[in-house]
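The chain contents come next:
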Amino acid sequence: MSGVGGVGGVGGFNFGGQGVNLQDMKTEDLEKMIFDPNTSQGDKDAALEELMKRLQEEAKAGGPEGASGEGGEESEIQKLLKKLMDGTITPEEMEKLKGLTGKSEEELKEMAGVDAGDPNDNSV
């Protein structure tokens, strides 16, 4: 069986033999995919991209507080991704995020739309 073209697709992909639309998944389910050792790196990347997209939309819609009323407290990965996008992530936090996602610092910054070449992205 061949997929319908879900290679690297952000809209939908094949997860566990089922066609899944990432946009329909809950944030907590996306995070579970990222942490699941049985999830392929391509699927983890797609889930991470969708999670970052949601965080960026929340930031635009509601400022730094975002729409975090849904699940109450933010997860560790959400906090770290927000700090990355804000440019306030510490080197220790970046190491933690790299470990959680399996991505390099450059890849994470690129996905978050942060200028990877600017060492001074900690504007307070």
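Preceding this section is the structure that the text describes.
1. Here's the deal with the pattern of salt bridges
Applying the stated criterion to the full structure yields 10 salt bridges. Ionic pairing is found between E95 and K98, a salt bridge with its closest N-O pair at 2.9 Å. With E95 and K98 both in helix 4 (residues 91–101), this residue pair falls three residues apart, about one helical turn. Of the residues examined, E95 reaches a relative accessible area of 47% and is grouped as partly exposed. Assessed through its relative accessible area of 22%, K98 is described here as partly exposed. Where K109 meets E105, a salt bridge forms, and the shortest distance between an N and an O atom there is 3.1 Å. In this pair, K109 and E105 are both assigned in helix 5 (residues 105–112), four residues apart and thus about one turn of the helix distant. On the basis of relative accessible area, E105 is assigned to the partly exposed category, the value being 26%.

2. Structural notes on the packing of helix 2 (residues 41–62) against helix 5
For the pair helix 2 and helix 5, interaxial distance at closest approach is 10 Å and the crossing angle is 45°. Overall, the two elements helix 2 and helix 5 adopt an arrangement that is oblique. Two packed elements cross with a definite hand, and for helix 2 against helix 5 that hand is right-handed. Across from D45, L48, E49, M52 and Q56 in helix 2, the residues of helix 5 making contact are L108, M111 and A112. Residue composition of the contact of helix 2 with helix 5, by class: five nonpolar, one polar and two charged.

Scoring rules and cut-offs
- Residues numbered from 1 in each chain as written.
- Predicted model: local features only at pLDDT ≥ 70, side-chain atom pairs only at ≥ 80, totals over all residues.
- Heavy atoms only, no water.
- Salt bridge = Lys/Arg side-chain N within 4 Å of Asp/Glu carboxyl O.
- Helix = DSSP H or I, 4+ residues; strand = E, 2+ residues; numbered from the N terminus.
- Buried < 20%, exposed > 50% of the residue type's maximum accessible area, 1.4 Å probe, protein only.
- Axes fitted to C-alpha atoms, helices over the stretch in contact; angles between N-to-C directions.
- Parallel < 35°, antiparallel > 145°, perpendicular 65-115°, else oblique.
- Left-handed = near helix turned anticlockwise from the far one by under 90°.
- Contact = heavy atoms within 4.5 Å.
- Nonpolar A, V, L, I, M, F, W, Y, C, P; charged D, E, K, R; others polar.

None of the figures reported here should be taken as evidence of function without further support.
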